[in-house]
Amino acid sequence: MPSNSIDSLLHEERRFPPSENFTSQAIASQAIYDEAATDRLGFWANQARTLLHWHKDFSETLDWSNPPFAKWFADGKINVAYNCLDRHVQAGNGDRVAIHWEGEPGDSRSITYAELTVEVKRAANVLLSLGIGQGDRVAIYLPMIPEAVVAMLAVARIGAVHTVIFGGFSSESLRSRIDDASAKLVITADGGWRKGKVFPLKGAVDGALAGKKSTVGNVLVVRRGENVVDWVDGRDRWWHEELASADAEHEAEAFEAENPLFILYTSGTTGKPKGILHTSGGYLTQVASTHKNVFDLHPESDVYWCTADVGWITGHSYVVYGPLANGATQVLYEGTPDTPHPGRWWEIIQKYGVSIFYTAPTAIRSFMKIGREVPNGFDLTSLRVLGSVGEPINPEAWVWYRDIIGGGTAPVVDTWWQTETGAIMISGLPGVTTLKPGSAQVPIPGIKIDILGEDGTRVDPPNGGLLVVSEPWPSMLRGIWGDPERFQETYWDRFKALSGTKYFAGDGAHVDADGDIWLLGRVDDVMNISGHRLSTAEIESALVSHRIVAEAAVVGAADEATGQAVVAFVILKSKQAKKQTTDEAVAMLRSHVAEQIGAIARPKQIFIVNELPKTRSGKIMRRLLQDVAEGREIGDTTTLADTSVMQIITDKMK
Ligand code: WT7
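All figures in this text were calculated on a predicted structure; none of them were measured in a lab.

Quick notes on the overall build of the protein
Working step 1: Assigned secondary structure in the protein consists of 24 helices and 30 strands.
Working step 2: The C-alpha atoms of the protein give 24 Å as radius of gyration, which agrees with the globular expectation for 654 residues (26 Å, within 12%).
Working step 3: Dimensions along the principal axes, computed over C-alpha positions, put the protein at roughly 75 × 65 × 55 Å.
Working step 4: Across the 654 residues of the protein, 54% fall into the buried class.
Working step 5: Long-range pairs, those at least 24 residues apart, make up 70% of the contacts in the protein between residues at least 6 apart in sequence.

Set out below in structure tokens:
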């Protein structure tokens, strides 16, 4: 969202107080804000003990003696998978459905907690038999099928570390992540269903492992697409065959609260994705607590659905760990929203009686575009809480979501957080907060957020600045895999000298007179495309890796549907430039980026130019290119080495 839209946003005057009806049965109340305000660490300790089972209780809540390296509940012992499975069965809820799975072609499967527990135990035994143990990394590259959840929990159960790689990422992206994490095992599928077709996955794994020495010893392959796959004898094994012969008994061992749980790669300001490390006890505490309070989860009666893929942090925290720790019944859907018809999501909500629904603004905007007739054709009256995540939701989309999907009554919670924060940090609480469309509103209980000026001092509301988290939180990232310096520099150095160890989120924000927070988008070279993070540098390096490209600059340009869209400016090598038409070059480069990174990174537009705007020190001024891409008047060009460059570029684009 361009920052100049803030003025019109702040004139948003619609307010949605909770109904008495809702408040009277709500999980959250003012009391949890009060509790956390009185004793922040006591609040988190209490959440940890009431929401989770500890094999061994902890004596210290937070160890912050060596910032920014935090330890939460350090001497406590816990098993994450046990918390998501066995204890629900032991509590008599084994027959409760954990997952209503809906395949894209229309096949479906409902799996109870008892069944899921047995599956995970078998899978854990398979992992052990393949030599995987505590601390080993396992790469997971799967479609949205129950086996993705089973695989993650099986890895967690034995104290190993998963790194889930989104199925839309290319072989190249897969290779770099497998290498960075030194994974010993890859769990994949033959293929999965998307847009009415089977898309192959196993081939990308073969490609990623081909032609070099790798740490990967085995590849476990789930059969889903039934497409033909190549097979490497000795390395590759069918998941169903291994599970069928595995023991259904496995006792969950207790691990230290800080035992690594997963690494998830996300884009930063440089080309190389960062392996964000999350650990066990603190992470599970905050995802369980927020999942319960922010979505008002009543596990015995609600049917919850989060549409995120498990390849993203939202899928980790609010498809796998939060809902299962809370014993929720949820929907898992394999495919796209419009296959085989544009009402597929609403049909699923109607079929399972979904009561809590969590999705992204980009999806809501695309449904708005198609029109209310589609959702109006389905019974959505089961919905009572709606959530939004990934990017700012504009007030019009917020109100449409509440009215058309939520029947004019369901509260919409706009949840701000990041891969790094692990769990929701800013959001209203349904039943408590008077909601304000367009604002993510206030930090959840136990979280301390500030908006700082460039000089590191807190701005007086109403005012804008940079968003920081001022105190450590349970689900905070514990580091960047293999790169403690980058961890320090990226997140903690920005305000260190000015105001102490505060977490710099990379987002601009405005705080209004009521103290409500409005997110204004990234302030660094990170783009947000449909709620997915991509760095300009990552796409630039993919572009320059092509033989015809001499130089490239990428910007995120405001886009109605996807929030931002990738726009690239490319200088071709002069000899190569003559060999094809501009259209051919553009088409070639768009597919090259998709091959290198994945389809989500494919530039929406590529402009072939002769020059790029640079400062005298040679830094590309992306701000000016963004002005061009967004069709705006070009900003201050006085620091350009050659001030005529922008004129040449704009002329070229006419
Ligand atoms: C970035 C984090 C958290 C899961 C999805 C994205 C943006 C996220 C919101 C929101 C405004 C938001 C921020 C943030 N963002 N949620 N409710 N309002 N912006 O996770 O890929 O790590 O991206 O997404 O810019 O920094 P991610």
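Considering the UniProt feature "domain: AMP-dependent synthetase/ligase" (unreviewed entry) in the protein
Working step 1: UniProt's entry tags residues 90-481 with the feature "domain: AMP-dependent synthetase/ligase" (unreviewed entry), counted in the numbering of this structure.
Working step 2: Along residues 90-481, the helical share is 30% and the strand share 23%, with 36 Å between the first and last C-alpha atoms.

A few points about the nonpolar core
Working step 1: By size, the foremost hydrophobic cluster in this structure holds 203 residues, and its most contacted members are Ile-140 and Met-152.
Working step 2: Among the elements that make up this core, the one with the highest residue count is helix 8 (residues 146-157) (nine residues).
Working step 3: Residue contacts for Ile-140: discarding those within four places in its chain leaves Ala-148, Ala-151, Met-152, His-162, Val-164, Ile-165 and Ile-187.

Description of the site of the ligand
Working step 1: Near the ligand there are 22 residues, and of these Trp-416, Gln-418, Thr-419, Leu-519 and Arg-533 occur at the shortest range.
Working step 2: Across the shell around the ligand, the residue classes tally to eight nonpolar, nine polar and five charged.

Some words on the packing of helix 20 (residues 536-544) against helix 22 (residues 582-596)
Working step 1: Closest axis-to-axis distance for the helix 20/helix 22 pair is 9 Å, and the angle between their directions is 115°. In this structure, helix 20 crosses over helix 22, and the sense of that crossing is right-handed. Side by side, helix 20 and helix 22 meet where Ile-539, Ala-542 and Leu-543 of the first sit next to Leu-589, His-592, Val-593 and Gln-596 of the second.
Working step 2: Here the residues of the contact of helix 20 with helix 22 sort into five nonpolar, two polar and no charged.

Focus: the environment of Glu-334
Working step 1: Structurally, Glu-334 can be placed in the loop between strand 17 (329-333) and helix 14 (344-352).
Working step 2: The class for Glu-334 is buried, based on 22 C-beta atoms found within 10 Å.
Working step 3: It is 7.8 Å that separates the C-alpha atoms of Glu-334 and Trp-101, two residues lying 233 residues apart in sequence.
Working step 4: The residues contacting Glu-334, other than those within four sequence positions of it, are Glu-102, Gly-103, Glu-104, Pro-143, Met-144, Ile-145, Gly-192 and Trp-193.

Regarding the pairing of strand 17
Working step 1: The buried count for strand 17 comes to five of five residues, which makes it a mostly enclosed element.
Working step 2: By the alternation rule, side chains of strand 17 split into Thr-329, Val-331 and Tyr-333 and Gln-330 and Leu-332, which are all buried.
Working step 3: With four bridges joining them, strand 4 (residues 97-102) and strand 17 adopt parallel strand pairing. Bridge pairing in strand 17 links Ile-99 to Gln-330.
Working step 4: As judged from the three bridges shared by strand 16 (residues 303-306) and strand 17, these two strands associate in the parallel manner. Bridging from a neighbouring strand, Val-303 pairs with Thr-329 of strand 17.
Working step 5: This β-α-β element, strand 16 to helix 13 (residues 313-325) to strand 17, shows right-handed connectivity.

A word on the sheet that holds strand 18 (residues 356-359)
Working step 1: One open sheet holds the seven strands; their spatial order is 5-4-17-16-18-19-20, and the pairing between them is mixed. Looking at which strands have only one partner, the edges of the open sheet turn out to be strand 5 (108-112) and strand 20 (412-415). The average angle at which neighbouring strand axes cross in this sheet is 20°, direction not considered.
Working step 2: With five bridges joining them, strand 4 and strand 5 adopt antiparallel strand pairing.

Overview of the UniProt feature "domain: Acetyl-coenzyme A synthetase N-terminal" (unreviewed entry) in the protein
Working step 1: Summarizing the sequence annotation, UniProt attributes the feature "domain: Acetyl-coenzyme A synthetase N-terminal" (unreviewed entry) to residues 30-84 in the numbering used throughout.
Working step 2: Helix makes up 47% of residues 30-84 and strand 20%, and the two end C-alpha atoms of the span are 28 Å apart.

So, the sheet that holds strand 21 (residues 449-452)
Working step 1: Taken together, four strands build an open sheet; the order of strands is 21-22-24-25 and the sheet is antiparallel. At either margin of the open sheet sits one strand with a lone partner, and together these are strand 21 and strand 25 (517-522). Within the sheet, the average angular offset between the axes of one strand and its neighbour, ignoring direction, is 45°.
Working step 2: When strand 22 (residues 463-469) meets strand 24 (residues 503-511), the two strands line up antiparallel, connected through six bridges.

Thoughts on the pairing of strand 25
Working step 1: Counted residue by residue, strand 25 has five buried out of six residues, so it is predominantly covered.
Working step 2: Strand direction decides the pairing type here: strand 24 and strand 25, joined by five bridges, are antiparallel. Its bridge partner lying in strand 25, Ala-509 is registered against Leu-519.
Working step 3: The hairpin formed by strand 24 and strand 25 contains five residues between the paired strands, and Gly-515 there has a positive phi angle of roughly 90°.

As for helix 17 (residues 395-405)
Working step 1: Among all positions of helix 17, only Ala-397, Trp-398, Trp-400, Tyr-401, Arg-402 and Ile-405 are buried.
Working step 2: The elements touched by buried residues of helix 17 are helix 15 (361-370), helix 16 (373-376), strand 19 (385-389) and strand 20.
Working step 3: Positioned one or two residues after helix 17, Gly-407 has a phi angle of 60°, which is positive.

A look at the environment of Trp-416
Working step 1: Within the element layout of this structure, Trp-416 appears in the loop between strand 20 and strand 21.
Working step 2: What makes Trp-416 buried here is the crowd of 27 C-beta atoms within 10 Å.
Working step 3: Other than its neighbours up to four places away in sequence, Trp-416 contacts Met-425, Ile-426, Ser-427, Ala-440 and Leu-519.

Thoughts on the environment of Glu-104
Working step 1: Here Glu-104 shows up in the loop between strand 4 and strand 5.
Working step 2: By the C-beta count within 10 Å, which is 21 here, Glu-104 ends up buried.
Working step 3: Residues Glu-104 and Gly-282, 178 residues apart in the sequence, show an inter-C-alpha distance of 35 Å.
Working step 4: Residues contacting Glu-104, with those up to four places away along its chain left out, are Trp-193, Arg-194, Glu-334, Gly-335 and Thr-339.

Cut-offs and rules
Residues numbered from 1 in each chain as written. Predicted model: local features only at pLDDT ≥ 70, side-chain atom pairs only at ≥ 80, totals over all residues. Helix = DSSP H or I, 4+ residues; strand = E, 2+ residues; numbered from the N terminus. Rg over C-alpha atoms; globule rule 2.2 N^0.38 Å. Buried ≥ 20, exposed ≤ 12 C-beta atoms within 10 Å, placed from the backbone. Contact = placed C-beta atoms within 7 Å. UniProt positions renumbered as here; feature names shortened; annotations may be inferred. Core = buried A, V, L, I, M, F, W, Y, C linked by C-beta atoms within 7 Å. Near = placed C-beta within 6 Å. Nonpolar A, V, L, I, M, F, W, Y, C, P; charged D, E, K, R; others polar. Axes fitted to C-alpha atoms, helices over the stretch in contact; angles between N-to-C directions. Left-handed = near helix turned anticlockwise from the far one by under 90°. Pairing = 2+ DSSP bridges. Right-handed = clockwise from strand over helix to strand, strands pointing away.

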